[in-house]
Amino acid sequence: MKMNTLSPAEGARQVAKRVGRGIGSGLGKTCGRGHKGSFARSGKGKIKAGFEGGQSPMQRRLPKIGFASMQAKDNAEVLLYQLDKLPAGDVDFATLQAAGLVPSTAKRAKVVVKGGVTKAYALKGIAATAGAKAAIEAAGGSLAE
């Protein structure tokens, strides 16, 4: 094989369409786009998500429901099996942040049951669910709010 004998695979390179070059080319005047409509315009028929042809769209016809708490982003969940990766002893919010178990944007943390703990932890200033509290106390730990 030599550099001067290399060529692209069959069908890999296609000749570009030359539109708007007169009636004889087959792609003159409207250039194969037909007459009017969104597909004849620039942007080739790209319409906004949810657009229903001018009819009031579904997301505007339906009422607003639900509630998004602004405090939810301040709360972080710590799972029991994640807590078990820390060394035994006192655990506070700063310890959890240093270990990377809580994001820097969080202001509070709560321990939730998933997995289990094998070491005794003394949680200070960290909330826990009833199941997590029972699991921590069963392992010899304690909670102080």
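Described in the following lines is the structure provided in the data block.

Structural notes on the sheet that holds strand 2 (residues 89-91)
Phase 1 of the analysis: What the three strands build is an open sheet, ordered 2-4-6; its pairing is parallel. Of all strands in the sheet, those bounded by a partner on one side alone are strand 2 and strand 6 (142-144). Within this sheet the neighbouring strands show an average axis-to-axis angle of 20°, counted without direction.
Phase 2 of the analysis: Alignment of strand 4 (residues 121-124) against strand 6, held across three bridges, turns out to be parallel. Pairing of Lys124 across the sheet is with Ala144, part of strand 6.

Overview of the sheet that holds strand 5 (residues 127-128)
Phase 1 of the analysis: Strand order in the open sheet formed by three strands is 1-3-5, with parallel pairing between adjacent strands. Looking along the sheet, the strands with just one partner apiece sit at the ends: strand 1 (75-79) and strand 5.
Phase 2 of the analysis: Two elements, strand 1 and strand 3 (residues 108-112), share five bridges in a ladder whose sense is parallel. The partner of Asn75 across the bridge, within strand 3, is Arg108.

Structural notes on the side chain of Asp74
Phase 1 of the analysis: Among the secondary structure elements, Asp74 is positioned in the loop between helix 1 (58-61) and strand 1.
Phase 2 of the analysis: When near neighbours in sequence (up to four residues on either side) are disregarded, Asp74 contacts Thr105, Ala106, Lys107 and Arg108.

What to know about the side chain of Asp84
Phase 1 of the analysis: Its location among the elements puts Asp84 in the loop between helix 2 (80-83) and strand 2.
Phase 2 of the analysis: Within the buried set, Asp84 has no salt-bridge partner at all; the shortest N-O distance to an opposite charge, 4.8 Å, is to Lys119.
Phase 3 of the analysis: From its side chain, Asp84 meets the backbone nitrogen of Thr118 in a polar contact 3.0 Å long.

Quick word on the pattern of salt bridges
Phase 1 of the analysis: Counted by the stated rule, this structure contains three salt bridges.
Phase 2 of the analysis: A salt bridge links Lys107 to Asp74, with the shortest nitrogen-to-oxygen separation between them at 3.9 Å. Taken together, the positions of Lys107 in the loop between helix 3 (93-99) and strand 3 and Asp74 in the loop between helix 1 and strand 1 put the pair 33 residues apart, joining distant regions of the chain.
Phase 3 of the analysis: Judged by its relative accessible area of 57%, Lys107 falls in the exposed class.

So, a nonpolar patch on the surface
Phase 1 of the analysis: Residues Met1, Met3 and Leu6 make up a contiguous nonpolar surface patch of about 460 Å² in total accessible area.
Phase 2 of the analysis: With respect to the helices and strands, the residue Met3 is situated in the segment before helix 1.
Phase 3 of the analysis: The class for Met3 is exposed, based on a relative accessible area of 72%.

Here is what the cut-offs are and how they apply
Residues numbered from 1 in each chain as written. Predicted model: local features only at pLDDT ≥ 70, side-chain atom pairs only at ≥ 80, totals over all residues. Heavy atoms only, no water. Pairing = 2+ DSSP bridges. Helix = DSSP H or I, 4+ residues; strand = E, 2+ residues; numbered from the N terminus. Axes fitted to C-alpha atoms, helices over the stretch in contact; angles between N-to-C directions. Contact = heavy atoms within 4.5 Å. Buried < 20%, exposed > 50% of the residue type's maximum accessible area, 1.4 Å probe, protein only. Lys, Arg positive; Asp, Glu negative; His and termini not counted. Salt bridge = Lys/Arg side-chain N within 4 Å of Asp/Glu carboxyl O. Polar contact = N/O pair within 3.5 Å; in protein donor to acceptor, adjacent residues only side chain to side chain. Patch = residues over 30% accessible without salt bridge, like charges linked within 9 Å, V, L, I, M, F, W, Y side chains within 5 Å. Areas by Shrake-Rupley, 256 points an atom, 1.4 Å probe, with all protein chains shown as cover.

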